[in-house]
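Chain residues, written in single-letter form:
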Amino acid sequence: MGNDLFAFVGTYTRLGSEGVYTLRMNGDTGELTKVSAASGIENPSFVALDPSNEHLYAVGEVSSFDGAGAVTSFSVNSVTGELTQINQQSTGGPGPCYLMVDSTDSLVIATNYSGGSIGVLPINDDGSLGELTDFIQHEGSSINTRRQEKAHAHSVNIDKSNAHAYVCDLGMDKVFVYDIDHANGKLTPSAQGSVDEVAGEGPRHFDFHPSGKYVYVINELGCTIALYNLGADGSLTPVQTVPSLPEGWEGDNTTADIHVSPDGDFLYGSNRGHDSLVIYGIDQATGKMTYIGHQSTLGNE
């Protein structure tokens, strides 16, 4: 029991689930056991803990909250892992699908995929959320008329300095770079503003190398992973792009999540269709990726 951990899983309630699940993970065997479920919230698909692990925040991937989606705050019981709802606030736009808590535990930044926008919400001392302090609407499109007909802000990531927020917009084929004003709960475009992915690639998710020198972007539509050098000022410089699929494979596929291992030696990206994780080794001196292999997800990814 001493090695056990809690895992929190967001779900789509429209498919019959209860809400946000608390699972206990056996630290020795990896076995998962359901502890509880926080119900009564519609489509709490993506969740994130605050730095203290005392509060959890979940997007409500809907458009019915005064025409927008929502973020729900929960307190976390440190002994049982059970969640108790505190409050909800609007994200300002429909269909939020991702959020991050900044390292000072003062702000939640959420991306609205359906609306192509970003909402910033302040965190109160008790973990509850205040009303929006900033709202940014992206405007634009790209060449895939079905998936990129307008802006689709898909994810947000905050750097170690807590000074910059990076937003992947799948609909615009751009990664936006924002400076964070913590005192006022505002985002302002950085000096660079944004970087362009190749048209039709569809940047989705983003991860930092633990060295702080590199970042990796997984492109949902193009099924590729792009490496950027990360400047001291938060700027991004493109270096390398590699495929997420094995050579010669044919079929329908999109990508989803991406993670760098804690030691910085490996990168993992998920394929939906090929139903696999692609594995790359990372050269710590350059950040460049070398293909290692694919691991089946043993089910539909």
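So, how was this worked out
Residues numbered from 1 in each chain as written. Predicted model: local features only at pLDDT ≥ 70, side-chain atom pairs only at ≥ 80, totals over all residues. Heavy atoms only, no water. Salt bridge = Lys/Arg side-chain N within 4 Å of Asp/Glu carboxyl O. Helix = DSSP H or I, 4+ residues; strand = E, 2+ residues; numbered from the N terminus. Buried < 20%, exposed > 50% of the residue type's maximum accessible area, 1.4 Å probe, protein only. Pairing = 2+ DSSP bridges. Contact = heavy atoms within 4.5 Å. Disulfide = S-S within 2.5 Å. Core = buried A, V, L, I, M, F, W, Y, C linked by side-chain atoms within 4.5 Å. Axes fitted to C-alpha atoms, helices over the stretch in contact; angles between N-to-C directions.

Once that is clear, we can look at the pattern of salt bridges. Per the counting criterion, the structure on display carries 5 salt bridges. One salt bridge connects lysine 34 with glutamate 18, and the closest N-O pair in it is separated by 2.8 Å. Highlighted residues: lysine 34 in strand β3 (residues 32–39) and glutamate 18 in the loop between β1 (5–9) and β2 (19–25), separated in sequence by 16 residues. Linked by salt bridges that have partners in common, Arg147, Arg204, Glu220 and Arg272 make up one network.

So, on to the pairing of strand β8 (residues 96–101). Taking burial as the measure, the 6 residues of β8 include 5 buried ones, the bulk of the element. Pairing between β8 and strand β9 (residues 107–112): 5 bridges, direction antiparallel. Bridge pairing links leucine 99 to alanine 110 in β9. Where β8 folds back onto β9 in an antiparallel hairpin, the turn is made up of 5 residues, including aspartate 105, whose phi is positive at roughly 60°.

With respect to the element layout, glutamine 240 can be found in strand β19 (residues 236–243). Note on glutamine 240: relative accessible area 18%, which makes it buried. Once residues lying within four places of it in the same chain are set aside, the contact partners of glutamine 240 are Ile225, Ala226, Leu227, Lys288 and Met289.

Scanning all chains against the criterion turns up 0 disulfides. No disulfide involves cysteine 97; its nearest neighbouring cysteine sulfur is the one of cysteine 168, lying 11 Å away.

Moving on, we get to the environment of valine 167. Topologically, valine 167 is positioned in strand β13 (residues 164–169). Exposure remark for valine 167: the relative accessible area of 0% places this residue in the buried category. In sequence terms valine 167 and phenylalanine 206 are 39 residues apart; their C-alpha atoms lie 8.5 Å from each other. In this view, valine 167 contacts Thr111, Ile118, His138, Ala153, Ser155, Val156, Lys174, Val175, Phe176 and Tyr178; residues no more than four positions away in its chain are not counted.

Of all hydrophobic cores here, the largest spans 21 residues; its most connected members are Ile109, Ile118, Ala165, Val167, Tyr178, Ile180 and Leu187. Within the residue set of this core, elements represented by two or more residues are β8, β9, β10 (117–122), β12 (153–158), β13 and β14 (174–181). Among all residues touching tyrosine 178, those that are not within four sequence positions of it are Ile118, Ile136, His138, Ala163, His164, Ala165, Val167, Leu187, Thr188, Pro189 and Ser190.

Further remarks concern the sheet that holds strand β6 (residues 68–76). In space, the 4 strands of this open sheet follow the order β4-β5-β6-β7, with antiparallel pairing throughout. This sheet does not close on itself; its edge strands, each paired only once, are β4 (47–49) and β7 (83–90). Sheet twist, expressed as the average angle between the axes of neighbouring strands with direction ignored, equals 25°. Examined bridge by bridge, β4 and strand β5 (residues 55–65) share 3 bridges and lie antiparallel to one another.

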